[in-house]
Structures are given as C-alpha cells and as structure tokens.
Amino acid sequence: MKLGFVSDSLGGMPFDELLDNAARIGVDGIEVNTCGWSTAPHFDLETMLGNPAAQAAFKTAFVDRRLEIISLNANGNPLHPADPAQGKGLKDTILVAGEMGITTVCAMSGLPEGNATDLMPNWAVSSWPPETQEILRCQWEERLIPFWEDIVALARESGVGKIALELHGNQCVYNVPGLKKLREAVGPSVGANLDPSHLFWMGADPLIAAETLGDAVYHVNAKDAMLNAPVQATTSLLENGSLLDIPARSWSYITLGFGHGEEWWRRFCYRLKMAGYDGWLSLEHKDVLLNSLEGLEKSVALMHEVLPSTPADYQPQEI
C-alpha cells in the first residue's frame, strides 16, 4: 500500500509549499481536489481542461519531488437540483483526468430532490412514514441510476477506469448495500472510496465493510472520527450542530489516532489486505482543533507504523 493525503488537508498553503511538505513528511502522493465542496486552491479545473501545457507543468511539479498524483477528487453533490455546476464539475474532472492519464476519480454519488417539484436535496434514511419509499424510488430510478449510466459511459470514453464513491451522509450511496445496488445497476466502473470516519458516526463497522466490499474498494480516505459519548447519550449520532463546535457535538472529525488508536488502524490496514486491497491510503485532515500541518504530520507518523508497504514473501518450508 502507498500513503498520501488529500490536497485540501493543507488548503491554505501555496501549491509548491504543499508539495515540498509532502516530500518532507514522507508520503508517496497527493489526491487533488478539483471542484464541488472544495474551492480547489491547487487545481484550476477550467484552466486545466484541454490544456496540455498546464497539465504537463502540473505533473512535472510532482515528478520533480518524486510524488504521484493519486487521483482527482470531485467531491460534492453532482445531483443537486439547484446547482448544476456540481454535476458539470464531476464531468469536467473525468475529462481532464483522462487527458492527464489519471485513472481514478473520487466523487460522491449525489443526492437529488425527493420528486420533480422539489428544489432541495432530500435524504431519506427511514422506512416510515410511507412517503419515504416513493422518495427513494424517484431518486434512484429517475435521477441517480440514469445519471451514473451517463457518467460511467463518459469515464469509459475518457480512459478513467475507476470512480470511487465516498460512503458519505446526505448522499444516496452512504453504506455498503447502497454501493452494491448502484454497481449492479451501472457496472463495475463504480466502486467505493472507503472512509472510516463516516461509517463510525453512522454506526457501521469499517473493518467489516472492507471485508464485505472486497474488490469493490477502489480508494481509501484515511480519516478518523471521535464519538462524544456524553453528548451522544442525549442527542444521538444524528448531529446537525456546527462542525467547529466539537465540545457540543456527538461526533467530530479528528486527527488519526485521537479517535481510534494505532491498534485500530493496524487492524484496518490488515482487513484491507485480507480483502485484496493494495492501493492508496489518502489522509484527509479535518480536525478543527489541531493545526493542519501538525495534524497531518501526526497522522502520517501513525500510518507509517501500521501501513504494509512491501509485498508479502512468506512461503511454507517443504518438510
């Protein structure tokens, strides 16, 4: 496996300084944010698209530091009924990835309106009242599946072999069954970006998720979450308070090791190996209480202790 991080983890840092720090702290590559919920400070999607010279200069900056571009990341809601630019951003990201020879794009499944008259996304996560079932039918059959059929075709034409969907709240695909359902509908170009932090707060087990997904794991975002038991006891994990007010929240994103220790991350890496995954673990720092560079350095140090980095070579002796 290889270790990298999401570029927005150091989003306030100039591009060259970001790359210099990546080389200094000993990661192998960077996952580059392009649009959506990111201002994409290190990648101008409009400028890059169809611009071989700009693309070449961007790639050279990585090569000069012996770094790789892990993937392009178009995380956002590409099915937002009032913001079609997010869907266009995903499509443009796939196009420019193809032009640059990048074969993996990270994204969200999207969350559309509940029916044709709605103006806002609608996340239905219960089976009652009964109108939730009609919401889900409309979203999947009329919006989600047709959209991803088109995206898969575009990716295939562009040479992008893997679209890794983050199992994220407020999206149609937020758990393992949802990811499998979409794959069955549109094919194996779509797989999982397995981020443990979201599964933690939704009550799932990332270790079992890794094993269950198997070869459908296309990418891993290594991000931790802290469950704040005293708050959770009264509010549950259905949390809509400010991400900046960690003491008041029932869960929060946190630096690796501060929510789940080294032993848990060691087991996670081993479960991924058991599932056949030997790709990237891309750190995503979103801890609002720690300095971004310090938090990233601590996360990298932890992962260097637990991440398998060389091929297995055990062979039973002939006796």
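Look up: the structure comes first, before these words.
Here goes a summary of the coordinates provided. (Residues numbered from 1 in each chain as written. Predicted model: local features only at pLDDT ≥ 70, side-chain atom pairs only at ≥ 80, totals over all residues. Heavy atoms only, no water.)

Observations regarding the overall build of the protein chain
Here comes step 1: Helices and strands together make up the secondary structure of the protein chain, namely 11 helices and 10 strands.
Here comes step 2: With the C-alpha coordinates aligned to their principal axes, the bounding extent of the protein chain is approximately 55 × 55 × 50 Å.
Here comes step 3: Contacts in the protein chain between residues far apart in sequence, at least 24 positions, make up 77% of those at least 6 positions apart.
Here comes step 4: On the protein chain, roughly 14,700 Å² of surface is accessible, and the fraction owed to carbon and sulfur atoms is 53%. (Helix = DSSP H or I, 4+ residues; strand = E, 2+ residues; numbered from the N terminus. Contact = heavy atoms within 4.5 Å. Areas by Shrake-Rupley, 256 points an atom, 1.4 Å probe, with all protein chains shown as cover.)

Some words on the sheet that holds strand β5 (residues 162-166)
Here comes step 1: A barrel is described by the order of its strands in space; here 8 strands give the closed sequence β1-β2-β3-β4-β5-β6-β7-β10, paired in parallel fashion. Each adjacent strand pair in this sheet contributes to an overall mean axis angle of 30°, direction not counted.
Here comes step 2: One ladder, built from 4 bridges, connects strand β1 (residues 2-6) with strand β10 (residues 280-283); its direction is parallel. Directly across from Gly-4, in β10, lies its bridge partner Ser-282.
Here comes step 3: Sheet strands touched by helix α6 (residues 176-186): β5, β6 (190-194) and β7 (217-222). Its angle to β6, the strand with the most contacts, is close to 160°. (Pairing = 2+ DSSP bridges. Axes fitted to C-alpha atoms, helices over the stretch in contact; angles between N-to-C directions.)

Some remarks on the pairing of β5
Here comes step 1: For β5, a buried count of 4 out of 5 residues is recorded, marking the element as mostly surrounded by other parts of the structure.
Here comes step 2: Taken together, the 4 bridges between strand β4 (residues 104-107) and β5 define a ladder with parallel strand orientation. Bridge pairing in β5 links Cys-106 to Ala-164.
Here comes step 3: Each parallel crossover has a hand, and the one from β4 via helix α5 (residues 131-158) to β5 is right-handed. (Buried < 20%, exposed > 50% of the residue type's maximum accessible area, 1.4 Å probe, protein only. Right-handed = clockwise from strand over helix to strand, strands pointing away.)

Observations regarding unusual backbone geometry
Here comes step 1: The amide bond that connects Trp-128 to the next residue, Pro-129, takes the cis arrangement and shows omega of 5°.
Here comes step 2: Mapped onto the elements, Pro-129 comes out in the loop between β4 and α5.
Here comes step 3: At Ala-40, a position not held by glycine, the phi torsion is positive, near 50°.
Here comes step 4: Relative to the helices and strands, Ala-40 resides in the loop between β2 (29-33) and α2 (45-48).
Here comes step 5: Looking at Ala-40, the relative accessible area reads 10%, which means it is buried.

Some details on the packing of aromatic side chains
Here comes step 1: Taken as a whole and assessed by the stated rule, the structure comprises 12 aromatic pairs.
Here comes step 2: Aromatic pair Phe-15 and Phe-62: ring centres 6.0 Å apart, planes at 55°, arrangement tilted. Of this pair, Phe-15 sits in helix α1 (residues 15-25) while Phe-62 sits in helix α3 (residues 52-63), placing them 47 residues apart in sequence.
Here comes step 3: Classification of Phe-15 by relative accessible area gives partly exposed; the value is 22%.
Here comes step 4: You can call Phe-62 buried: its relative accessible area is 2%.
Here comes step 5: Measuring from centroid to centroid gives 5.5 Å for Phe-147 and Trp-148, while their planes differ by 85°, and the two rings are edge-to-face.
Here comes step 6: The class of Phe-147 is buried, set by a relative accessible area of 12%.
Here comes step 7: Among the aromatic side chains, those forming a connected cluster through ring pairs are Phe-15, Phe-43, Phe-58 and Phe-62.
Here comes step 8: Between Lys-162 and the ring centre of Tyr-218, over which it is positioned, the NZ or CZ distance is 5.0 Å. (Phe/Tyr/Trp six-rings, centres within 6.5 Å; stacked < 30°, edge-to-face > 60°. Lys NZ or Arg CZ within 6 Å of the ring centre and 35° of its normal.)

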